[in-house]
Amino acid sequence: MASALPAQHRTLLLEDRKDGFHVKTCPTPQPGLGNVIVRVHAAGVLSYHREVYNGGRDYPFPTPLVGGYGAIGRVAAVGPDATALKPGQLVWIDCVIHGRDDPDALFLTAIHEGYTEGSKKLIRDVWRDGTFAEYAKLPLENCIALDETRLCGSLGYSIQDLAYTCCLLVPYGGLRDINLEPGETIVVCPATGGFGGAGVLVAIAMGARVIAMGRNEKELARLKEHVLKGSPNASIETVKMTGDEMKDAATLKGFGTIDAVLDFTPPQASKSAHVRSAVWALRRGGRVSLMGFNDNPVTPIVTGRNITLKGKLMYERPDMVQFVKMLERGLFPRGKDLVDTKAFQLEDWKECLDVGAEHTGIGRHVVFTP
Ligand SMILES: NC(=O)c1ccc[n+]([C@@H]2O[C@H](COP(=O)([O-])OP(=O)(O)OC[C@H]3O[C@@H](n4cnc5c(N)ncnc54)[C@H](OP(=O)(O)O)[C@@H]3O)[C@@H](O)[C@H]2O)c1
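All figures in this text were calculated on a predicted structure; none of them were measured in a lab. (Residues numbered from 1 in each chain as written. Predicted model: local features only at pLDDT ≥ 70, side-chain atom pairs only at ≥ 80, totals over all residues. Heavy atoms only, no water.)

Asks: Is there a simple way to explain the pairing of strand β5 (residues 71–78) in this structure?
Replies: Working note: regular strand, side chains alternate between the two faces of the sheet. Burial analysis of β5 places six of its eight residues in the buried class, the great majority of the element. In terms of strand pairing, β5 meets strand β6 (residues 90–93) through four bridges, oriented antiparallel. The residue of β6 that forms the bridge with A71 is I93. (Buried < 20%, exposed > 50% of the residue type's maximum accessible area, 1.4 Å probe, protein only. Helix = DSSP H or I, 4+ residues; strand = E, 2+ residues; numbered from the N terminus. Pairing = 2+ DSSP bridges.)

Set out below in structure tokens:
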């Protein structure tokens, strides 16, 4: 479809990890077969984005590239094979790209090139640049349409509230993957980080009882208060990690039957005993979604008790579609009290990535508003 895209747009470009980003004016991407051009309104920032781009986390990706991750934007132009997306449409932008002729050739655009020859070829040759820019080019299927009238009109979501979807969708992928049911009890650990906190909110929205584990009592108290502010009838408990595997398992068992565990353990917590405690506390036949990246062996506790351990990277397209239905029913938080977003211009990228590393935990998010 013909578009009125500007000839050029501003991007946050990483030419070399040693030099960091530069705001650079580049030719605006153009629509073509299979793609959509989106005007980015709010682009999510990860707690570890700074380390991804300075080499502190050794994530492989080609350079130069425009940084990024999930985002909220508005369709600016579509390719000739678009059948549902239209210019002007508000969309959620997914950063997980799948090869069309091999969905297992997947990677996180602008973050990690994935593990197959196909994924490395795709990020290098086609879908390299992310959402830290005024405009982004995405595969058609990576833009999930949002009902703006419902969300921003009757429900009162701001664009930045909607960008918190970048956090919420990730645990939803893991929770759907282990078939969390309403009424079940799930341990989320650690729960005080960005994705852990989002996992608590999503599990509550799915009708579960949540036991949130963390090492920081003050943050656990904030978490509980935050959940009850948004959902006064939510079943939410907190457990402080003591470092004693069996003691913490016994504390968890004190809450009765535990059906599932959601793990978001980062690498720096690999030695922490919390996942093992949670797995000890699981009922026979319980399920665990492992979403953290770490080196924390739990297999010995799993085998004898028919525990299902499932690794999960992000989510699948049906998860996104189902998530948006929940969003449009008003099941997720909105408003400044519940979604505390700090927004930055591209020029302020250094401060943005620093704040991104600190401003984490339930209901907190950092975005670029290019
Ligand atoms: N599978 C996927 O698709 C996927 C997607 C996104 C992210 N991830 C992974 O999820 C993990 C968490 O990311 P995030 O952005 O939520 O991180 P984050 O906001 O920095 O949170 C880190 C969490 O780990 C806790 N922690 C840190 N060191 C610890 C230790 N020594 N012992 C116990 N707990 C400790 C923190 O507790 P305090 O509050 O006490 O500091 C906090 O709860 C990362 O490994 C990331 O790679 C996976």
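What follows picks up the thread again.
Asks: When you look at the packing of helix α6 (residues 194–205) against helix α7 (residues 217–230) in this model, what are you seeing that I'm missing?
Replies: Between two packed helices, both the angle of their axes relative to each other and the distance between the axes serve to describe the pair. Look at α6 against α7: their axes get within 11 Å of each other, and the N-to-C directions meet at 35 degrees. Along this stretch, α6 crosses α7, giving a crossing that reads as right-handed. On α7, the residues touching V200, L201 and I204 of α6 are L223, H226 and V227. Within the contact of α6 with α7, the residues separate by chemical class into five nonpolar, one polar and no charged. (Axes fitted to C-alpha atoms, helices over the stretch in contact; angles between N-to-C directions. Left-handed = near helix turned anticlockwise from the far one by under 90°. Contact = heavy atoms within 4.5 Å. Nonpolar A, V, L, I, M, F, W, Y, C, P; charged D, E, K, R; others polar.)

Asks: Would you mind going over the pairing of strand β11 (residues 185–189) with me for this structure?
Replies: Across the five residues of β11, five count as buried, placing the element largely inside the fold. Here β11 shows two buried faces, one formed by T185, V187 and C189 and the other by I186 and V188. With four bridges connecting them, β11 and strand β12 (residues 209–214) associate as parallel partners. When the sheet's bridge partners are listed, T185 is paired in β12 with R209. On the question of chirality, the crossover connecting β11 to the parallel β12 by way of α6 is right-handed. Alignment of β11 against strand β14 (residues 260–263), held across four bridges, turns out to be parallel. The residue bridging C189 from the neighbouring strand is D263, located in β14. (Right-handed = clockwise from strand over helix to strand, strands pointing away.)

Asks: How do you make sense of the packing of aromatic side chains when you look at a structure like this?
Replies: Given two aromatic rings, one states the distance between the centres and the angle between the planes to describe the pair. What the rule picks out here adds up to nine aromatic pairs. For the ring pair Y53 and F61, a centre distance of 5.8 Å and an interplane angle of 70 degrees mean the geometry is edge-to-face. For the pair Y53 and F61, a shared accessibility class is recorded, and that class is buried. For the pair F323 and F332, a centre-to-centre distance of 4.6 Å together with 15 degrees between the ring planes defines the contact as stacked. Lying over the aromatic face of F61, R17 brings its terminal NZ or CZ to 3.9 Å of the ring centre. The aromatic ring of Y135 is capped on one face by R39, whose charged end is 5.5 Å from the ring centroid. (Phe/Tyr/Trp six-rings, centres within 6.5 Å; stacked < 30°, edge-to-face > 60°. Lys NZ or Arg CZ within 6 Å of the ring centre and 35° of its normal.)

Asks: Even after reading the chapter, I still don't get the domain arrangement of the protein chain, so can you show me in this structure?
Replies: You'll often see interface size given as the accessible area lost when the parts meet. One can read the domain layout of the protein chain as domain 1 (8–164 + 333–368) and domain 2 (168–311). Domain 1 and domain 2 are separated by 28 Å when their C-alpha centres are compared. Contacts between the two partners involve 14 residues from domain 1, matched on the other side by 19 residues from domain 2. Buried area between domain 1 and domain 2, both sides added, is near 1300 Å², and the carbon and sulfur share of it is 65%. Of all residues in domain 1, the largest losses of buried area upon contact with domain 2 belong to Y164, L338 and I362, amounting jointly to 47% of the total for that side. (Domains from an automatic or database assignment. Buried area = accessible area lost by both parts, 1.4 Å probe.)

Asks: Before we go on, may I ask you to explain the site of the ligand in this structure?
Replies: If you check the shell around the ligand, you find 25 residues, and the closest are S47, T192, G194, R215 and M314. The side chain of R57 places a nitrogen or oxygen atom 3.0 Å from an oxygen atom of the ligand. In the model, an oxygen atom of the ligand is placed 2.9 Å from a nitrogen or oxygen of the G193 main chain. Protein burial of the ligand: of its 940 Å² of free accessible surface, 87% is covered by the chains. Residues of the shell around the ligand, tallied by class, amount to 13 nonpolar, nine polar and three charged. A domain-level breakdown of the shell around the ligand finds at least three residues from each of domain 1 (8–164 + 333–368) and domain 2 (168–311). (Near = heavy atom within 4 Å. Polar contact = N/O pair within 3.5 Å; in protein donor to acceptor, adjacent residues only side chain to side chain. Areas by Shrake-Rupley, 256 points an atom, 1.4 Å probe, with all protein chains shown as cover.)

Asks: How should I be thinking about the packing of helix α5 (residues 165–177) against α6 in this particular structure?
Replies: Running from N to C, α5 and α6 cross one another at 65 degrees; their axes reach a closest spacing of 8 Å. Comparing their axes, α6 and α5 come out roughly perpendicular. Classified by chirality, the crossing of α6 by α5 is right-handed. The residues of α6 that touch α5, namely those facing C166, C167, L168, V170, P171, Y172 and L175, are F195, A198, G199, L201, V202 and A203. Residues that form the contact of α5 with α6 fall into these classes: twelve nonpolar, one polar and no charged. (Parallel < 35°, antiparallel > 145°, perpendicular 65-115°, else oblique.)

Asks: Where do I start with the environment of P29 in this structure?
Replies: Along the chain, P29 falls in the loop between β2 (21–27) and β3 (35–44). Separated by 291 residues in the primary sequence, P29 and M320 have C-alpha atoms spaced 25 Å apart. When neighbours within four sequence positions are excluded, P29 is seen to be in contact with L5, H9, I37, Y135, A136 and K137.

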